[in-house]
Amino acid sequence: MKKFKVLNLIVCLLVLLGLNEMNPIPAQAEDYPNKPIVWVVPYGPGGGFDVIARAIAPVMQEYLPRKANIIIKNIDGAGGRRGVTWVYKAKPDGYTFGYTNIPGQLVYGLVNKVDYDFSKVEWIGNVSSEPVAIYASTASGIKTFEDMMKTPKLKFGSGGKGSGEDINARFADAILDLKASVVTGYAGSHEVILGLIRGDAHLIAITISSGYQYVSSGDLKPILVMGGKKRDPVLPDTPVGIEKGYKDLAAGMLYRAVFAPPGTPGERTNILSTALSKAMQDPRITKWSKDSDRQVGPVMTNKELKEAIDEIIVGYSKYKELFR
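Residues numbered from 1 in each chain as written. Predicted model: local features only at pLDDT ≥ 70, side-chain atom pairs only at ≥ 80, totals over all residues. Heavy atoms only, no water.

Applying the stated criterion across every chain, the model contains 14 salt bridges. Between Lys89 and Asp115 there is a salt bridge, and its shortest N-O distance comes to 3.8 Å. Pair noted here: Lys89 is in the loop between helix 4 (81-88) and strand 3 (96-102) and Asp115 is in the loop between helix 5 (104-111) and strand 4 (122-137), with a separation of 26 residues, a long-range link. When its relative accessible area of 57% is taken as the criterion, Lys89 is described as exposed. Judged by relative accessible area, which is 39%, Asp115 ranks as partly exposed. Of the charged contacts in the structure, one is a salt bridge between Asp200 and Arg198, with a shortest N-O distance of 2.9 Å. (Salt bridge = Lys/Arg side-chain N within 4 Å of Asp/Glu carboxyl O. Helix = DSSP H or I, 4+ residues; strand = E, 2+ residues; numbered from the N terminus. Buried < 20%, exposed > 50% of the residue type's maximum accessible area, 1.4 Å probe, protein only.)

Along a regular strand, successive side chains alternate from one face of the sheet to the other. Where strand 1 (residues 37-41) and strand 2 (residues 70-74) come together, 5 bridges link them in parallel fashion. Bridged to Val40 within strand 2 is Lys73. (Pairing = 2+ DSSP bridges.)

Here we take up the packing of helix 5 against helix 12 (residues 302-317). Two elements in contact, helix 5 and helix 12, have axes separated by 11 Å at closest approach and are oriented at 45°. It follows that helix 5 is oblique to helix 12 by the angle criterion. The element helix 5 and its partner helix 12 pack so that their crossing is right-handed. Every residue of helix 12 that contacts helix 5 at Leu106, Val107 and Leu110 is listed here: Ile312, Ile313, Tyr316 and Ser317. In terms of residue class, the contact of helix 5 with helix 12 is built from 6 nonpolar, 1 polar and no charged. (Axes fitted to C-alpha atoms, helices over the stretch in contact; angles between N-to-C directions. Parallel < 35°, antiparallel > 145°, perpendicular 65-115°, else oblique. Left-handed = near helix turned anticlockwise from the far one by under 90°. Contact = heavy atoms within 4.5 Å. Nonpolar A, V, L, I, M, F, W, Y, C, P; charged D, E, K, R; others polar.)

Further remarks concern the domain arrangement of the protein. Interfaces are frequently sized by the accessible area removed from exposure as the parts join. We note that the domain assignment places domain 1 (32-128 + 254-323) and domain 2 (131-251) within the protein. The straight-line distance from the C-alpha centre of domain 1 to that of domain 2 is 27 Å. Of the residues lining the interface, 11 residues belong to domain 1; the matching set on domain 2 comes to 11 residues. For the domain 1 and domain 2 pair, buried surface summed over both sides reaches about 1100 Å², with 67% attributable to carbon and sulfur atoms. Summed over the three residues of domain 1 that lose the most area to domain 2, namely Tyr316, Tyr319 and Phe323, the buried surface amounts to 43% of that side. Joining domain 1 to domain 2, the criterion identifies 2 salt bridges. Residue Glu311 is joined to Lys229 by a salt bridge in which the shortest nitrogen-to-oxygen separation is 3.9 Å. Inspection of the region where domain 1 meets domain 2 yields 2 residue pairs in polar contact (both at pLDDT 80 or more). Among the secondary structure elements, those contributing two or more residues to the side of domain 1 that touches domain 2 are helix 5 and helix 12. (Domains from an automatic or database assignment. Buried area = accessible area lost by both parts, 1.4 Å probe. Polar contact = N/O pair within 3.5 Å; in protein donor to acceptor, adjacent residues only side chain to side chain.)

Glancing now at the nonpolar core. If you look at the biggest cluster of nonpolar residues, it comprises 50 residues, and the most contacted ones within it are Ile134, Met148 and Tyr255. Of the domains in this structure, domain 1 (32-128 + 254-323) and domain 2 (131-251) are the two that each give at least three residues to this core. In contact with Tyr255, other than residues within four places in its own chain, are Thr100, Asn101, Ile102, Asn126, Ser128, Ser129, Met300, Leu305, Ala308, Ile309 and Ile312. Counting residues in each nonpolar core, the second largest holds 29 residues, with Leu64, Ile70, Met280 and Ile285 among its members. (Core = buried A, V, L, I, M, F, W, Y, C linked by side-chain atoms within 4.5 Å.)

Contact geometry of helix 3 (residues 48-60) with helix 10 (residues 266-280) gives a least axis separation of 9 Å together with a crossing angle of 110°. One finds that helix 3 runs roughly perpendicular with respect to helix 10. In the crossing of helix 3 with helix 10, the sense of the turn from one axis to the other is right-handed. Contacts between helix 3 and helix 10 pair Ile56, Val59 and Met60 from the former with Leu272, Ala275, Leu276, Ala279 and Met280 from the latter.

With that settled, consider the packing of aromatic side chains. Taken as a whole and assessed by the stated rule, the structure comprises 13 aromatic pairs. Aromatic side chains Phe118 and Phe259 sit 6.2 Å apart centroid to centroid with 90° between the ring planes, which places their arrangement in the edge-to-face category. Pair noted here: Phe118 is in the loop between helix 5 and strand 4 and Phe259 is in strand 9 (residues 253-260), with a separation of 141 residues, a long-range link. Judged by relative accessible area, which is 4%, Phe118 ranks as buried. Aromatic side chains Trp123 and Phe259 sit 6.0 Å apart centroid to centroid with 65° between the ring planes, which places their arrangement in the edge-to-face category. Highlighted residues: Trp123 in strand 4 and Phe259 in strand 9, separated in sequence by 136 residues. Assigned by exposure class, Trp123 and Phe259 land together as buried. Three or more aromatic residues joined by ring pairs make a cluster, and in this case those are Trp39, Tyr43, Phe49, Phe97 and Tyr99. Between Arg81 and the ring centre of Tyr108, over which it is positioned, the NZ or CZ distance is 3.5 Å. Positioned over the ring face of Phe49 is Arg256, at 4.7 Å from the centre of the ring. (Phe/Tyr/Trp six-rings, centres within 6.5 Å; stacked < 30°, edge-to-face > 60°. Lys NZ or Arg CZ within 6 Å of the ring centre and 35° of its normal.)

So this is what it looks like as structure tokens:
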């Protein structure tokens, strides 16, 4: 009888082992995260992307299970594409994520061979986003959208080809049919604006926050908000493109979008997404954002961000020949 009981016990153990082989317990999912997580910044230390990541990371990790550490890793080069590629090819286990400049790195990938595909990544959330607006120098005499549309031989000021100002200018010019030229070669948006003040060009297309300080100083006049579908509270008296019948301009947004490699398990990206959202709404981050004058938010779920990015991909794909 004892031998029979032992034999039955052995059989039961073998059956259980067989079931576990067929349906293994997802141990890693249960204790995720159990080691530090790397947040890749695709630009060097000290820039806007880096500063915001370093502010959010220590707060975000407090909202992760077991308060796992988040380590910032700067991988710059090739206009941010090196870091984006590094994240894209990383092991999809939830221990590596990064963020990217949309539409900058997206547009480059539409017309050049790259080793990433934003339609395949796992989106986590949005660190910051805001619409692009067209500003005119006050010296140009352009005060309204109607003034701009009837001014001949318009010139946009821009950084180098492929810069944010360049992409925004070409996108706006094509949709609005301004037949404008683009003056390139400036070191950055501040230098472009100084060029506008000197009379080198009439217009610049940059994010609302980048241009707004020059409205206060009297150097620039907001003419049209490109991105979004309703008027921006910062520029409530400035029309948005869709109001004027140019719905494709709604894609004119800048996103600092956070993503994980393709194939990262959904339960892990959801954990990261939740932690990021909570961190961005934490009073410490909202205070830091205000005190440092750094744009943070609006908060978007990974699903909301995916829908927004997919819309931008469609919008810019229509005009990709402009960026070759």
